[in-house]
Protein chains: 2
Amino acid sequence: MTLASWNEGPARSAILDYLERIAGVPPADRIAVVDNDGTLWCEKPTYIQAFFMLERAQADPTLPLDELAQVLLEAHAGLTTEEFDAAVLEWVERFRHPRFGTPFTELVYTPMLELLALLRQHDFRVFIVTGGGVDFVRPVGAQLYGVERDDVIGSAIEVEFQRRDGRIVLARTATLAGSPNEGAPKVNAIHAHIGKRPLVAIGNSAGDREMLEYAHTGSLPSLCLVVDHDDAQREYAYSGEAATNPDAEPILATAGRFNWPVISMRDDWSRIF
Amino acid sequence: MTLASWNEGPARSAILDYLERIAGVPPADRIAVVDNDGTLWCEKPTYIQAFFMLERAQADPTLPLDELAQVLLEAHAGLTTEEFDAAVLEWVERFRHPRFGTPFTELVYTPMLELLALLRQHDFRVFIVTGGGVDFVRPVGAQLYGVERDDVIGSAIEVEFQRRDGRIVLARTATLAGSPNEGAPKVNAIHAHIGKRPLVAIGNSAGDREMLEYAHTGSLPSLCLVVDHDDAQREYAYSGEAATNPDAEPILATAGRFNWPVISMRDDWSRIF
């Protein structure tokens, strides 16, 4: 069943070759870091988290972007981390994708689930390293990807230590904790959280470049993969466009320079969802 | 072999009773957070990390404390995270405890290793939550405690993303990242890193209080344990004194108020190391 939804081709071969090449690498060094939006699940017509935030904030999506961002941040300020968790779980049960009509569990790329399973068979620990909110992905990570809460790294909101009726809670603020988790901050976050340079890194946009380069420039053999959205029929075609980072080098150009295998969704995957 | 170095008594009974009481709690909820210095290993005559820092900085230990702290921070600025790692591993091989003459591996409390093993047998994930430097504990966590690098949470130094000869590295600065990991910040760090309220929390000083209270005030049954250093003969006697937080309520008084079991090193442990 290994990579059952992957067509024969260079991406599949690169993965299988790599796993043979690292036969001597100790399990403790086998760390994989994987982007989420656009790498593990669909990020169009917009990020799934954005649908959640817009509904929760009952915000006008036509607001100027900076005003909209602040409205969205403030919508959850004061909620405890446990209340926010419950709100995410309640919402994802109801959400249906506007084009596909499917629940959130059906927006995950089947070939990627097969790849995660194969990596784990080879003793890899798989971490999600997302630009999205860590508190949005954690409640669903185990169900979607078999990734536990502590193995999700993402953008975070400052939380405030409080005693409420003798109970310690953490209350969300409207302030981002540190930088958004895109670009070089992904590398800093990997150090802060994992404390080790990864061997495998997978992404789909310029925000993943530094993370892939970090894996690529370690002393052990690495595997860096870039997902190319080139299948308008079955999903979307927006090849390497970086919504959050429009001036950066397109990730497909970076992949070309570093000789990183590119996964063509159209050619390499026999099914998407 | 379960708790072989624990004498019959209230602490041992509290642990065994608790593990029976949570028979119905799902494995995913079984999170244990454990302090390091004075809880898992000896912290006297001073923190083991302090010996490392003083040697590395070749600092005069009689300097005023604030000057000393800055000298120690600056001693490693510019080192890459990988170089710092190697420096820790090189040093711990040479270190001998001034009183016991033993290497660092012999400064770990045997009964605590038995307790960690018992918790893992009961499907607990064990995280170290230390006030010490996360980058000091990570290189030794697997060897000492069977705790992987990503399961260590501690005080951290800001690192700087750099390209050196085409290679991405993270260079240490002389600036602490956020707050020292003591008191309420331990709770924030547990949320940031684990994303879940722990059920079991173990500490030995006022810096652990909020972490224990966080476990204590969750909705599932919790076990909070306080290690009491009351054995001057086999180790040290300094019961609940908080070196880093002298004005706080002594942790033994807190334990009394919350009815947390106290581990008497003298009475509850048949061996220490």
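Every value quoted in this text rests on a predicted model; they were computed, and no experiment measured them.

Asker: What is the right way to look at the sheet that holds strand β2 (residues 125-133) of chain B in this model?
Answerer: Strand order in this open sheet of 7 strands is β4-β3-β2-β1-β5-β6-β7 (chain B), and the pairing throughout is mixed. In this open sheet, the two strands that pair with only one neighbour each are β4 (167-177) and β7 (262-264) of chain B. Taking the axes of each pair of neighbouring strands and ignoring which way they run, one obtains an average angle of 35 degrees across the sheet. Where strand β6 (residues 223-228) of chain B and β7(B) come together, 3 bridges link them in parallel fashion. When the sheet's bridge partners are listed, Val227(B) is paired in β7(B) with Ile263(B). Each of β3 (152-164) and β4 of chain B touches helix α7 (residues 184-193) of chain A; the most contacted strand, β3(B), lies at about 145 degrees to it.

Asker: Looking at this model, I keep getting lost on the packing of helix α2 (residues 48-57) of chain A against helix α3 (residues 65-75) of chain A. Mind explaining?
Answerer: For any two helices packed against each other, one specifies the crossing angle of their axes together with the interaxial distance. Residues and elements named next belong to chain A. Between α2 and α3, whose axes approach to 9 Å, the crossing angle comes to 75 degrees. As far as their axial angle goes, α3 and α2 are roughly perpendicular. Listed contacts from α3 to Met 53, Leu 54 and Ala 57 of α2 are Leu 68, Val 71, Leu 72 and Ala 75. Residues that form the contact of α2 with α3 fall into these classes: 7 nonpolar, no polar and no charged.

Asker: How should the confidence of the model for chain A be read in this particular structure?
Answerer: Low-confidence regions, as indicated by low pLDDT, have predicted coordinates that should not be scrutinised in detail. Per-residue confidence for chain A gives a mean pLDDT of 94; residues scoring 70 or more make up 97%. We note a pTM of 0.95 for the whole complex and an ipTM of 0.94 for its interfaces.

Asker: Explain the relation of the copies chain A and chain B to me, please; I cannot follow it from the model alone.
Answerer: Both copies of the chain are tied together by a single rotation about an axis and a shift running along it. Overlay of chain A on chain B (RMSD 0.0 Å): rotation 180 degrees, translation along the axis 0.0 Å. As the rotation angle and translation indicate, the two copies are arranged about a two-fold axis. Among all C-alpha atoms of chain A, that of His193(A) lies closest to the rotation axis, at 3.4 Å. In this assembly, 94% of the residues forming the interface of chain A have copies in chain B that are likewise at the interface, indicating an isologous arrangement.

Asker: It is not clear to me how the environment of Phe52(B) should be interpreted in this structure. Could you clarify?
Answerer: Positionally, Phe52(B) belongs in helix α2 (residues 48-57). Contact partners of Phe52(B), with chain neighbours within four places excluded, come to His76(B), Phe84(B), Ala87(B), Val88(B), Trp91(B) and Phe136(B).

Asker: Sorry, what's going on with the packing of aromatic side chains here?
Answerer: The geometry of an aromatic ring pair is captured by two quantities: the separation of the ring centres and the angle between the planes. Residue and element names in this part refer to chain A. Under the definition given, this model contains 24 aromatic pairs over all chains. For the ring pair Phe 52 and Phe 136, a centre distance of 5.3 Å and an interplane angle of 40 degrees mean the geometry is tilted. With Phe 52 in helix α2 and Phe 136 in helix α6 (residues 134-145), this pair connects stretches of sequence that are 84 residues apart. Like Phe 52, the residue Phe 136 is buried in the burial classification. Taken together through their ring pairs, the aromatic side chains of Trp 6, Phe 100, Tyr 109, Tyr 236, Trp 269 and Phe 273 make up a single cluster. A cation sits over an aromatic face here: Lys 44 above Tyr 238, 4.5 Å from the ring centre. The aromatic ring of Phe 84 is capped on one face by Arg 172, whose charged end is 3.7 Å from the ring centroid.

Thresholds, definitions, all that
Residues numbered from 1 in each chain as written. Chains lettered and ligands numbered in written order. Predicted model: local features only at pLDDT ≥ 70, side-chain atom pairs only at ≥ 80, totals over all residues. Heavy atoms only, no water. Pairing = 2+ DSSP bridges. Helix = DSSP H or I, 4+ residues; strand = E, 2+ residues; numbered from the N terminus. Axes fitted to C-alpha atoms, helices over the stretch in contact; angles between N-to-C directions. Contact = heavy atoms within 4.5 Å. Parallel < 35°, antiparallel > 145°, perpendicular 65-115°, else oblique. Nonpolar A, V, L, I, M, F, W, Y, C, P; charged D, E, K, R; others polar. pLDDT = per-residue confidence, 0-100. Least-squares fit on C-alpha atoms with pLDDT ≥ 70 in both. Phe/Tyr/Trp six-rings, centres within 6.5 Å; stacked < 30°, edge-to-face > 60°. Buried < 20%, exposed > 50% of the residue type's maximum accessible area, 1.4 Å probe, protein only. Lys NZ or Arg CZ within 6 Å of the ring centre and 35° of its normal.

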